[in-house]
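# Examining the three-dimensional arrangement
Next come the chains, spelled out residue by residue.
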Amino acid sequence: MALLEIDNVRHSFGGLVAIDRVSFEVAPGQIKSVIGPNGAGKTTLFNIVCGLLRPESGSIRFGDRSITGFKPYQIARAGVSRTFQNPSLFLQMNVLENVMVGRHCRTRWEFLGCGVRWPGQPKEEAAIREAAQTQLEYVGLAHLAECPAGALAFGERRMVELARALATEPQLLLLDEPGSGLNTREKADLGRMIRRVRERGVTILLVEHDMTLVMDLSDAILVLHNGARIAEGTPSEIQNDDKVVRVYLGGEMNHVAAS
Amino acid sequence: MKPRLKPGLSFTLLAAALIVVPWILRWADMEYCLTQLTMSLYYAIVVLGLCLVMGYAGQVSLGHGAFFAIGGYTSAVLTTCDVSKWQTAAWLGWIKQSPFCMAREDLFGNPILTLSPWVAFFAAMALAFVVANLIGYPALRLRGHYLAMATLGFGMIVNKVILGTAFTGAADGINGVPEWNLGLGLTVSGKRALRIENYFIASGLLLLLLVLLHNLVRSRVGRALQAIHDRETAANAMGINTALYKLKAFVLSALMAAMAGVFLTHYTAGIGPSEAGALKSVRYVALAAAGGMSSLWGVTGMSTLLNYMSLRGLFGSYDNAVFGLLLIGIVSLAPEGPLKPLARLLRRFVGACRPPNAVGPDAARPDNGPARRASDQTQCLFP
Ligand SMILES: Nc1ncnc2c1ncn2[C@@H]1O[C@H](COP(=O)(O)OP(=O)(O)O)[C@@H](O)[C@H]1O
Ligand SMILES: [Mg+2]
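Positions within a chain are numbered from 1, following the residues in the order the chain's sequence is written. Throughout, the order in which chains and ligands are written sets their labels, letters from A for the former and numbers from 1 for the latter. Given that the model is predicted, a residue must reach a pLDDT of at least 70 before its local features are reported, and side-chain atom pairs must reach 80 or more before they are shown or counted; all residues, however, enter totals for whole chains, interfaces and linings. Values shown for side chains rest on all heavy atoms present in the structure; no hydrogens or waters enter the calculation.

## Quick notes on the nonpolar core
Judged by nonpolar contacts, the single largest core of 114 residues is most densely connected at B:Tyr42, B:Phe67, B:Leu225 and B:Phe263. Comment: elements are numbered from the N terminus, with helices defined as DSSP H or I runs of at least four residues and strands as E runs of at least two. Counting residues per element, this core draws most heavily on helix H2 (residues 33-56) of chain B, which supplies 18 residues. Residues within four places of B:Phe263 in sequence aside, it is in contact with B:Tyr42, B:Phe121, B:Trp180, B:Leu182, B:Val188, B:Ile201 and B:Leu205. In terms of nonpolar packing, the next biggest core, distinct from the first, is built from 38 residues, A:Ala132, A:Leu136, A:Leu141 and A:Leu162 among them. By nonpolar core we mean a set of buried residues, namely Ala, Val, Leu, Ile, Met, Phe, Trp, Tyr and Cys, connected to one another through side-chain atoms within 4.5 Å. Only protein chains enter the area calculation, which uses a 1.4 Å probe; residues under 20% of their type maximum are buried, those over 50% are exposed, and those in between are partly exposed. Contact definition: two residues touch when any of their heavy atoms are within 4.5 Å.

If you want it as structure tokens, here you go:
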């Protein structure tokens, strides 16, 4: 059974149809990529899946229940986490605290208990800190734990965002262009990292423009164009699909060759 | 990391400082100052609560004067209204004997029967709780400055209602509020003989709330509020119920304002309509800004100091103008408040006197010079 099931989802901004009756599934343990030119609706699709946008029609199932119309925090609790196309760390906090926020939906003490430090609360707080530290070590940034998030380099921000997302213990992880703005070495690290995350049992839905990375990592690829699904298949099927090459890969390959 | 005192030690030092103040004042023959100091400590509780909403949750409230007034007026009305007027009411016989009532004499020596201050206290807190939820719930489900607008309008309404209602004393306010026997031998009262005792009640309450908020902001709740302040969308996507957390922070801080109102009303034996004025609410915002908004210590200290100066009449007839100017000055010149830049300056000065290794907050990051510290770190006053 599919872990995530998108059925006939549609969303528009004013008159612009950003997602036009898209359906697809993500199987558990898969790395599935969503590709398509800029403005194709990839980020919009992610925003719908994680609850930031409410689809006009269609339904979303996660695991064995419908999450259509859920609020983002409920979807995070259900086991879907994400990173953002523009890294959006909490800049007033240090790196460790950013990752600790990711533990929020897996911990429980509320205002009163935290204020009076009710027995058990300090222990939970220590556990949060430890779990966050573990995630930071996992992405190789433990040495930056006390560094203000605003002082990080771009690539580091992306990694901290990944650690924060992993701290929520997701079953499904949405990565929105994790490779953009990274240099070649960082991209190679990123590829290894994504594989390691998948080996932990986390299913991954990936939006990425770097075709080497996408073809290398993906079990399956979905191609969007102007909000509509134009193809879906394995990397080799997609590379040999006439329509895809015409609207996207051709341009993309030229683009890669030019840069 | 910044050199910091352990929290436990800081609180012990603060408690010690608060304890020696009356003796210093007595020694300096200035014991009369304790009255204004006590009042400033109660006002500091309002600003401390505002610090949670504005500095942490990132929401602006322009209605804290009104919540203070709700606390104060509820308490004043219930403890001065003579219930024996309703002779015919069947429930009076029962309530007369219950511990909820208190027989005493009014200002003119006539015997009256009023509700006890504890009953009034809980009624005031309940009312503030309900009102804060009614205002906060619709305003905080949305993103943006809706709370500021809603609380501004709410404050004006409360002010007008107080001015136009007979049982709140209209423009005269309410006098003759009785003292409040808290139990344990403590009484909130403006009596001269109880001046030191009341100073300790106020500082004890402030210290208690300071410790509670200190614990709160250093917990998962505090981080969640700060995350909401920074990036509400990301906070929500990371599993924080942003609307509920903003509401809880707002209600908590409204309750703190109302609590301060109750205590101060018993302390000064009365309350007037100026407490609910928009200028009072703006003053609280100015004081929170002056304390650095998200610094519990700075906010407590600055608000006690400036309110004390104001109550001593140091600003003369420019009192409200001083706080208005203060707010303008901070917003335009030092959005993170005057204390943090001062502290940085001091640290740099101290750092310059020390050997150059391990200096300042960048020491945690050897490969990253100060030049790379992002400018987006400075706290925005109004998110
Ligand atoms: N908040 C918004 N308001 C209006 N239009 C939007 C908004 N977000 C995205 N769009 C439009 O929707 C389309 C899809 O955008 P997006 O999902 O960001 O594409 P992608 O991530 O594939 O580059 C684009 O045409 C974009 O201009
Ligand atoms: Mg995008």
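## A look at the interface of chain B and chain A
The interface is formed by 38 residues belonging to chain B together with 48 residues belonging to chain A. Joining two parts hides part of their accessible area as seen by a 1.4 Å probe, and the buried area is that hidden amount summed over both. Across the chain B/chain A interface, buried area totals approximately 3,700 Å², and carbon plus sulfur atoms make up 59% of it. The three residues of chain B that bury the most area against chain A are B:Arg220, B:Arg223 and B:Met238, which together make up 23% of that side's buried surface. A side-chain nitrogen of Lys or Arg and a carboxyl oxygen of Asp or Glu constitute a salt bridge if their distance falls within 4 Å. Between chain B and chain A we count three salt bridges in total. A:Glu110 serves as the salt-bridge partner of B:Lys248, at 3.2 Å between the closest nitrogen and oxygen. Pairing of N or O atoms within 3.5 Å defines a polar contact, subject to two protein rules: one partner must be a possible hydrogen donor and the other a possible acceptor, and residues neighboring in sequence count only if both atoms are side-chain atoms. The interface formed by chain B and chain A contains 13 residue pairs in polar contact (both at pLDDT 80 or more). At eight residues, the largest contribution of residues to the side of chain B that touches chain A is made by helix H8 (residues 220-230) of chain B. Partitioning the side of chain B that touches chain A into residue classes produces 17 nonpolar, eleven polar and ten charged. Under the grouping applied here, Gly and all other residues not named as nonpolar or charged are polar, the nonpolar ones being Ala, Val, Leu, Ile, Met, Phe, Trp, Tyr, Cys and Pro and the charged ones Asp, Glu, Lys and Arg.

## A look at the packing of aromatic side chains
The rule is short: rings of Phe, Tyr and Trp, with Trp giving its six-membered ring, pair when the centres are within 6.5 Å, and they are stacked under 30 degrees, edge-to-face over 60, tilted in between. Summed over the entire model, instances satisfying the criterion amount to 17 aromatic pairs over all chains. Taking 5.0 Å as the distance between ring centres and 40° as the angle between the ring planes, the aromatic pair formed by B:Phe67 and B:Phe154 counts as tilted. In this pair, B:Phe67 is assigned in helix H3 (residues 64-80) and B:Phe154 in helix H6 (residues 146-164), connecting sequence segments 87 residues apart. Judged by its relative accessible area of 0%, B:Phe67 is buried. Under the relative-accessibility criterion, B:Phe154 is labelled buried at 12%. Three or more aromatic residues joined by ring pairs form one cluster here, namely B:Tyr42, B:Trp118, B:Phe121, B:Phe122, B:Trp180, B:Phe263 and B:Tyr267. Between A:Arg164 and the ring centre of A:Phe90, over which it is positioned, the NZ or CZ distance is 4.7 Å. In this scheme, Lys NZ or Arg CZ marks a charge over a ring once it lies within 6 Å of the ring centre and within 35 degrees of the ring normal.

## Re the sheet that holds strand S9 (residues 220-225) of chain A
All names here are of chain A. DSSP-based pairing: two strands are paired if at least 2 bridges between them are found. Pairing within the open sheet is mixed, and its six strands lie in the order S6-S7-S8-S3-S9-S10. The sheet terminates laterally at strand S6 (80-82) and strand S10 (228-233), the two strands that pair on one side only. Each strand axis lies, on average, 20° off the axis of its neighbour in the sheet, ignoring direction. Pairing geometry for strand S3 (residues 31-35) and S9, over four bridges, is parallel. Across the sheet, the residue bridging to Lys32 is Ala220, located in S9. Note on geometry: axes are C-alpha line fits, over the in-contact stretch for helices, and angles between N-to-C directions span 0 to 180 degrees. In this fold helix H1 (residues 42-49) packs onto S3, S6, strand S7 (172-176), strand S8 (203-207) and S9, with an angle of close to 150° to the strand it touches most, S7. Across the sheet, helix H6 (residues 154-167) is in contact with S6 and S7; its angle to S7 comes to roughly 160°.

## Some thoughts on the confidence of the model for chain B
Residues and elements named next belong to chain B. When pLDDT is averaged along chain B, the result is 82, and 87% of the positions lie at 70 or above. Note that residues 356-383 has pLDDT below 50 and, in this model, 51 contacts with residues that lie over four places away or in other chains. Quick note on the complex model: pTM equals 0.89, ipTM equals 0.92. Across the chain, each position has a pLDDT score giving the predictor's confidence in that residue, from 0 to 100.

## Details of the coordination of the magnesium ion (ligand 2)
Sites may look incomplete because water is not among the atoms; the donors themselves are N, O and S atoms within 2.8 Å of the metal, or within 3.2 Å for Na, K and Ca. Distances from the magnesium ion (ligand 2) to its protein donors, A:Thr43 (OG1) and A:Gln85 (OE1), fall at 2.0 to 2.2 Å. Taken together, the residues A:Thr43 in helix H1 and A:Gln85 in the loop between S6 and helix H3 (95-101) connect sequence positions 42 residues apart.

## Some thoughts on the site of ligand 1
Residues and elements named next belong to chain A. Each residue is tested against the molecule or strand, and it is near if at least one of its non-hydrogen atoms lies within 4 Å. Around ligand 1 lies a shell formed by Phe13, Leu16, Ala18, Pro37, Asn38, Gly39, Ala40, Gly41, Lys42, Thr43 and Thr44. At 3.3 Å, a backbone N or O of Ala40 approaches an oxygen atom of ligand 1. Of all the secondary-structure elements, those providing two or more residues to the shell around ligand 1 are strand S2 (16-26) and H1. With three residues, H1 is the largest single contributor of residues to the shell around ligand 1. Looking at the shell around ligand 1 residue by residue, the classes come out as five nonpolar, five polar and one charged.

## Concerning helix H5 (residues 121-138) of chain A
Multiplying one less than the number of residues by 1.5 Å gives the expected span of a helix. Between its first and last C-alpha atoms H5(A) spans 26 Å; for 18 residues at 1.5 Å apiece the expected length is 26 Å, and the two agree. Its buried side turned inward, H5(A) meets H3, helix H4 (111-116), H6 and helix H7 (184-199) of chain A together with H8 of chain B. Phi for A:Gly140, located one or two positions after H5(A), is positive at around 80°.

## Description of a nonpolar patch on the surface
Residues and elements named next belong to chain B. Together, Ile19, Val20, Trp23, Ile24 and Trp27 line one region of the surface with nonpolar side chains, adding up to about 600 Å² of accessible area. With respect to the element layout, Ile24 can be found in helix H1 (residues 7-27). For Ile24, a relative accessible area of 47% translates into the label partly exposed. The patch calculation keeps residues exceeding 30% relative accessible area without a salt bridge and links them within 9 Å when they carry like charges or within 5 Å when they are nonpolar (Val, Leu, Ile, Met, Phe, Trp, Tyr). Computed with the Shrake-Rupley method and a 1.4 Å probe, the accessible areas treat only the protein chains shown as cover for residues.

## Notes on the sheet that holds S2(A)
Whenever strands of a sheet pair, they do so through backbone hydrogen bonds, lying parallel or antiparallel. Residues and elements named next belong to chain A. Across the sheet, which stays open at both edges, the four strands sit in the order S2-S1-S4-S5 with antiparallel pairing between neighbours. The open sheet has two edge strands, S2 and strand S5 (65-66), and neither has a second partner. In this structure, strand S4 (residues 57-62) lies alongside S5, joined through two bridges in antiparallel fashion. Counterpart to Phe62 in the pairing with S5 is Arg65. Helix-sheet contacts for H1 involve strand S1 (4-13), S2 and S4, and the interaxial angle to S1 is about 115°.

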